[in-house]
Amino acid sequence: MFGLSPAQMIILLVVILLVFGTKKLRNAGSDLGAAVKGFKKAMQDDEKAKDAEFKSIDNNATSAKTETTKEKEQA
C-alpha cells in the first residue's frame, strides 16, 4: 500500500492518532459512514425513479402501438 513497510505504517497511524485524537477520528468515521449510507440510498432512489420512468414510457409506447393496430384494422 503506498510502498510503506509495516513499521512505517504503524508510526504513521500513531502520529495521526496523536494529532487528531481518537474522538475526532471516531466522529470522522461515523460521518463518513453516514455519507456513504446516504449516497447508497440516493442511488437506489434514482434507480427506482428511472425504472418508473421507463415503465411509463413502455406503457405509452404499447398503447400507441395498440391504437395504430386498431386504426389499421378499421381501415
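What you are looking at is a predicted structure, and each value in this text was computed from that prediction instead of being measured. (Residues numbered from 1 in each chain as written. Predicted model: local features only at pLDDT ≥ 70, side-chain atom pairs only at ≥ 80, totals over all residues. Heavy atoms only, no water.)

1. Some points on the overall build of the chain
We count it as follows: Helix and strand assignments come from DSSP, with helices taken as H or I runs of at least 4 residues and strands as E runs of at least 2, each series counted from the N terminus. For each residue, the accessible area found with a 1.4 Å probe, counting protein chains only, is set against the maximum for its type, and the residue is called buried under 20%, exposed over 50%, and partly exposed in between. A 1.4 Å probe and the Shrake-Rupley method give the accessible areas. Residues count as covered only by the protein chains that appear here.
Helices and strands together make up the secondary structure of the chain, namely 1 helix and 0 strands. Taken across its 75 residues, the chain has 0% of its residues classed as buried. Put simply, the chain shows about 7000 Å² of open surface, and 64% of that area lies on carbon and sulfur atoms.

2. Some details on the pattern of salt bridges
Two side chains carrying opposite charge are able to pair once their charged atoms lie near each other. Stated formally: Each reported salt bridge corresponds to a side-chain nitrogen of Lys or Arg within 4 Å of a carboxyl oxygen of Asp or Glu.
Applying the stated criterion across every chain yields a total of 1 salt bridge. Of the charged contacts in the structure, one is a salt bridge between Asp-45 and Lys-41, with a shortest N-O distance of 3.3 Å. With Asp-45 and Lys-41 both in helix H1 (residues 6-74), this residue pair falls 4 residues apart, about one helical turn. Overall, Asp-45 belongs to the partly exposed group, its relative accessible area being 37%. Residue classification places Lys-41 among the exposed positions, given a relative accessible area of 52%.

3. Remarks on a nonpolar patch on the surface
What counts is decided by this rule: Note that patches include only residues with greater than 30% relative accessible area and no salt bridge, and the join distances are 9 Å for like charges and 5 Å for nonpolar side chains (Val, Leu, Ile, Met, Phe, Trp, Tyr).
A cluster of nonpolar side chains, namely Phe-2, Leu-4, Met-9, Ile-11, Leu-12, Leu-13, Val-15, Ile-16, Leu-17, Val-19, Phe-20 and Leu-25, defines an oily patch on the protein surface of about 1100 Å² accessible area. Position of Val-15 relative to the elements: it lies in helix H1. The class of Val-15 is partly exposed, set by a relative accessible area of 44%.

4. Section: the UniProt feature "transmembrane region" (unreviewed entry) in the chain
Test applied: UniProt positions are given in the numbering used here, feature names are shortened, and annotations may be inferred rather than shown by experiment.
According to UniProt, the positions carrying the feature "transmembrane region" (unreviewed entry) are residues 6-22. Along residues 6-22 one finds 100% helix and 0% strand; the C-alpha atoms at either end are 21 Å apart.

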